[in-house]
Amino acid sequence: MINLKWSVRRPIKQRYFAALVALSLAVTMFVSLPTTAQIPSRSPASELRGVWLTNIDSNVLFNKQRLDNALNRLKELNFNIVYPTVWNWGWTLYPSKVAQRVIGRNLDPEPGLQGRDMLKEAVELGHAKGLKVIPWFEFGFMAPADSELAKRRPQWLTSRRDGTKIVKEGTHERVWLNPFRPDVQQFMLDLIVEIVKNYDVDGIQFDDHFGLPAELGYDSYTVALYKKENRGKLPPKNPQDPEWLRWRANKITNYMKRVFTAIKAANKNCLVSVSPNPQRFSYDFFLADWQRWERMGLIEELIIQIYRNDLKVFNSELDRPEVKAARSHIPVSIGIISGLKNKYVPMQQIQTQVQNVRARKFAGVSFFFYETLWNMSNEPTQQRQAGFQSMFSTPMKYPHLLNGWKALQRM
């Protein structure tokens, strides 16, 4: 710090000369910069730059060369992590002894997956390019109504109060495995541990589908369990009854704790990642109380899906108190929609949302989903890729909770 008292007593000529020297140095430094250079604001030490790889409206996982090409391009554009789906449509996308035992088939029958171990390829190819790879349990406890799993284990399915089981997801008919049943819990846990033990993955990711639609949970098993724990009382008729929501959400939280413990027992360095919707929606509609999971230390990476077109709504979700609280503990990134099969999202919207995320110093962004980055878009591929190149102009380290990440660096 300058000694102000001393400086005002110096002769005027000395102060004038010192000022000239300082000004001269500043001008020299400025004009020596290239004319196109910009003086950036302080860069973060790391930034998550991810994308989800799914087998819905996408064939990127169905061919090794196609997968390799995609990972090469992502690396060239300075992405640093991918989330390939491994559990979808009632099948595993990797050869699974657990699935063979329960479902009667060890692999999704998709022709492009036969004779391969897609997950092994994704991990090896991704790591060779410096990309982190975290498998994603996309369907969670959900399955197609006509799936082999649903046919073989009808007792595993839960229902509404009227006994119906089908939940529509767009035009698709889904059913849900009962997450309160010990046999269902063990099946899912066995799938998870199977991956953690057999593959060099950087983590495992879950989302809202690791919960349960709030309208469900009226099957005979769950009703009997509720009665046993509530002095013979039946579950409330209203599925949104606060006490009934809390009872079921607590059961799922307890299971999440069990899953976290099992993952760490199998590999202490395997991150537990969760990519839910905003808390209110996750809790009220899927009984997924990720705010509590985070407070309990069960989440090591959080990517909140904020798939909104309205920028004001998008920003309001970024500024929620539970989001700010989580950011003080763990890396929190934002899931941004880059498009759907029937939904075009312009690059300008993507860039604006990324700018707003960066302005608030979140840990990074991840895009849903790979095909809509540039393959499935109304804008030319070259233009889309140039947009991502401008956003990710230089490589950046992945923000890893287990590798020296500090919350205060991001706030």
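Before reading on, note that the structure itself is shown above.
Treat the numbers as computed from the prediction; the structure is a model and nothing was measured.

Asker: Tell me about the packing of aromatic side chains, residues and numbers included.
Answerer: Taken as a whole and assessed by the stated rule, the structure comprises 30 aromatic pairs. On the numbers, 6.0 Å between centres and 40° between planes, the contact of F137 with F206 is tilted. Linking F137 in the loop between β5 (132–133) and β6 (142–144) with F206 in strand β9 (residues 203–206), this pair joins segments that are 69 residues apart in sequence. For F137, a relative accessible area of 1% puts it in the buried group. What makes F206 buried here is its relative accessible area of 0%. An aromatic cluster of at least three residues, connected via ring pairs, comprises W52, Y83, W136, Y307, F368 and F369.

Asker: Before we move on, could you go through helix α3 (residues 64–76) and cite the residues and values that matter?
Answerer: Helix length check: α3 (13 residues) gives 18 Å between terminal C-alpha atoms against 18 Å at 1.5 Å per residue, within 8%. Of the positions making up α3, those classed as buried are L67, D68, A70, L71 and L74. Buried residues along α3 cover an arc of 165° about the axis, so they all sit on one side. Summarising the contacts, the buried residues of α3 are in contact with β1 (48–53), β2 (81–84), α5 (118–128) and α15 (371–374). Capping the start of α3 is the job of one residue whose side-chain oxygen sits 2.9 Å from the backbone nitrogen of Q65: N63. Once α3 finishes, N78 follows within two positions and takes phi at roughly 70°, a positive value.

Asker: Before we move on, could you go through the side chain of E138 and cite the residues and values that matter?
Answerer: As for its position among the elements, E138 is in the loop between β5 and β6. Although E138 is buried, it makes no salt bridge; R174 carries the closest opposite charge, 7.9 Å away. Ignoring any residue separated from it by four or fewer positions in sequence, one finds E138 in contact with T54, N55, I56, T85, W87, N88, D207 and H209.

Cut-offs and rules
Residues numbered from 1 in each chain as written. Predicted model: local features only at pLDDT ≥ 70, side-chain atom pairs only at ≥ 80, totals over all residues. Heavy atoms only, no water. Phe/Tyr/Trp six-rings, centres within 6.5 Å; stacked < 30°, edge-to-face > 60°. Helix = DSSP H or I, 4+ residues; strand = E, 2+ residues; numbered from the N terminus. Buried < 20%, exposed > 50% of the residue type's maximum accessible area, 1.4 Å probe, protein only. Expected span 1.5 Å × (residues − 1). Arc of directions from axis to C-beta. Contact = heavy atoms within 4.5 Å. Polar contact = N/O pair within 3.5 Å; in protein donor to acceptor, adjacent residues only side chain to side chain. Lys, Arg positive; Asp, Glu negative; His and termini not counted. Salt bridge = Lys/Arg side-chain N within 4 Å of Asp/Glu carboxyl O.

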